[in-house]
Amino acid sequence: MTTSTRGAAKTPAVLVLEDGRIFRGRAYGAVGETFGEAVFSTGMTGYQETLTDPSYHRQVVVMTAPHVGNTGVNDEDMESKRIWVSGYVVRDPARVPSSWRSRRTLDEELDAQGVVGISGIDTRALTRHLRERGAMRVGIFSGGAVQDDAALLARVQEAPQMKGANLSAEVATTEPYVVPAIGEKKFTVAAVDLGIKGMTPQRMAERGIEVHVLPATATLEDVYAVNPDGVFFSNGPGDPATADHPVSVMRGVLERGTPLFGICFGNQILGRALGFGTFKLKYGHRGINQPVQDRTTGKVEVTAHNHGFAVDAPLDRISETPFGRAEVSHVCLNDNVVEGLQLLDRPAFSVQYHPEAAAGPHDAAYLFDRFTSLMSTVQMEGQRA
């Protein structure tokens, strides 16, 4: 429930965590109530991309950067057609945006899209609490939604948890669409939309790839109906343990030996397809400053992340899978979480982070070139055969 109001900045607001901790501040964006999983993002820029990333569906994002909204909102940096976060938490919102590209304030955009937020709280204390206790359910209440603390806590504890949530179909396209190649068309890719960001097909189009974006419910027959040179599985929200359908489709792709690339949720889908488990991280990785090592080259990249689940695969050895040998190709240097997988006997690989990151950094953009090279190699081998 939300109500639009231009006087939100003066309206008291309350943030209630499921463990009973409470923060009091002022309404930011729409006034009303919202529920979700409280997570924090460490990016100092790119807040518009964060807000419109479908992977943040049903999450309340806490910004660790103290000043948010400085560049306002423009019409070019959207990663999808709407804001997906369930709620937004900032310490000091910008009073006046300063950017030649700005069309409106962030507060106005949140209000217009009915996104309930809160400002004026100690986001550093909240972030430390989430780091110590883990991501958890949260509610933000303002205006007429504010009740006594015990009643608000009870409502938060009744909200659904992220673990066990199957959300991809809620954010994915319902109809297929095509993103044409820029310049000469070199390849055709079938992209299974599990919550795809707009920059992902753009990065492929820049490399001469015509991208056919398919719904999350697409079957193996739907995938091969576009006669793809490669298949891509996107990022997306929810618990990968619930994603039985895309896992089944991916196994069909692996059996056919078509070049395959997965990002974020797509990495977790590949992990499950290979027989590995997945698990929920304590507080996840979210932001644009996460160090990851590409173990195939030794190179360390600064990368953009948004994931609360990870693949449980051994770091110290090559694994035997139903589709041949597999290894962990990338690892997070902060906590040794699996950040990438690759098959050694079939043309398939994935990464847990976001090489398409529109707001940067762009250290990992080479992965799209790696996918292109994989398709080129398989294509040439097919011609020789």
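Reading the values: rules and limits
Residue numbering note: each chain is counted from 1, following its sequence as written. It should be noted that, the model being predicted, local features are given only for residues of pLDDT at least 70 and side-chain atom pairs only at 80 or more, the latter also being counted only at that level, while totals for whole chains, interfaces and linings use all residues. Heavy atoms from the whole structure form the basis of all side-chain values; hydrogens and water molecules are not counted. What fixes the domain bounds is an automatic or database domain assignment. It only takes one pair of heavy atoms within 4.5 Å for two residues to be counted as in contact. Throughout, buried area stands for the accessible area (probe radius 1.4 Å) lost by two parts on being put together, summed over both. In what follows, salt bridge is the name for a side-chain nitrogen of Lys or Arg lying within 4 Å of a carboxyl oxygen of Asp or Glu. In this scheme, a residue with accessible area under 20% of its type's maximum is buried, one over 50% is exposed, and one in between is partly exposed, where area comes from a 1.4 Å probe on protein chains only. The numbering of helices and of strands both runs from the N terminus, where a helix is a DSSP run of H or I of at least 4 residues and a strand a run of E of at least 2. Strand pairing follows a simple DSSP-based rule, namely that at least 2 bridges must link the two strands. Residues belong to one nonpolar core when they are buried, are Ala, Val, Leu, Ile, Met, Phe, Trp, Tyr or Cys, and are joined through side-chain atoms within 4.5 Å. Cysteine sulfur atoms that pair up within 2.5 Å are treated as a disulfide.

1. A closer look at the domain arrangement of the protein chain
(1) Moving on: Splitting the protein chain by domain gives domain 1 (12-158) and domain 2 (168-384).
(2) Moving on: Using C-alpha coordinates to define each centre, domain 1 is positioned 29 Å away from domain 2.
(3) Moving on: On the domain 2 side, the residues contacting the 24 residues of domain 1 number 22 residues.
(4) Moving on: In terms of surface lost to domain 2, no three residues of domain 1 exceed Pro54, Ser55 and Glu79, which account for 28% of the buried area on that side.
(5) Moving on: Counting every contact that joins domain 1 to domain 2 gives one salt bridge.

2. Quick look at the pairing of strand β17 (residues 300-312)
(1) Moving on: When you tally the buried positions in β17, you get ten out of 13 residues, the bulk of the element.
(2) Moving on: Sheet topology places strand β16 (residues 277-294) next to β17; eleven bridges connect them, and they run antiparallel. Looking across to β17, one finds that His285 is bridged to His307.
(3) Moving on: Where β16 hands over to β17, the hairpin turn is made up of five residues, of which Gly298 adopts a positive phi near 85°.

3. Considerations on the nonpolar core
(1) Moving on: Judged by nonpolar contacts, the single largest core of 35 residues is most densely connected at Val223, Phe233, Met250, Leu254, Leu274 and Leu341.
(2) Moving on: Of all the secondary structure elements, the ones that give two or more residues to this core are β12 (187-192), α7 (220-224), β14 (230-233), α8 (244-256), α9 (265-273), β19 (324-332) and β20 (338-343).
(3) Moving on: In terms of residue count, the dominant contributor to this core is α8 (five residues).

4. Section: the state of the cysteines
(1) Moving on: Going through the model one piece at a time under the given rule, you end up with zero disulfides.
(2) Moving on: Unpaired in this structure, Cys264 has its nearest cysteine sulfur neighbour in Cys332, at a distance of 13 Å.
(3) Moving on: Overall, the relative accessible area of 2% leaves Cys264 in the buried class.
(4) Moving on: The class for Cys332 is buried, based on a relative accessible area of 0%.

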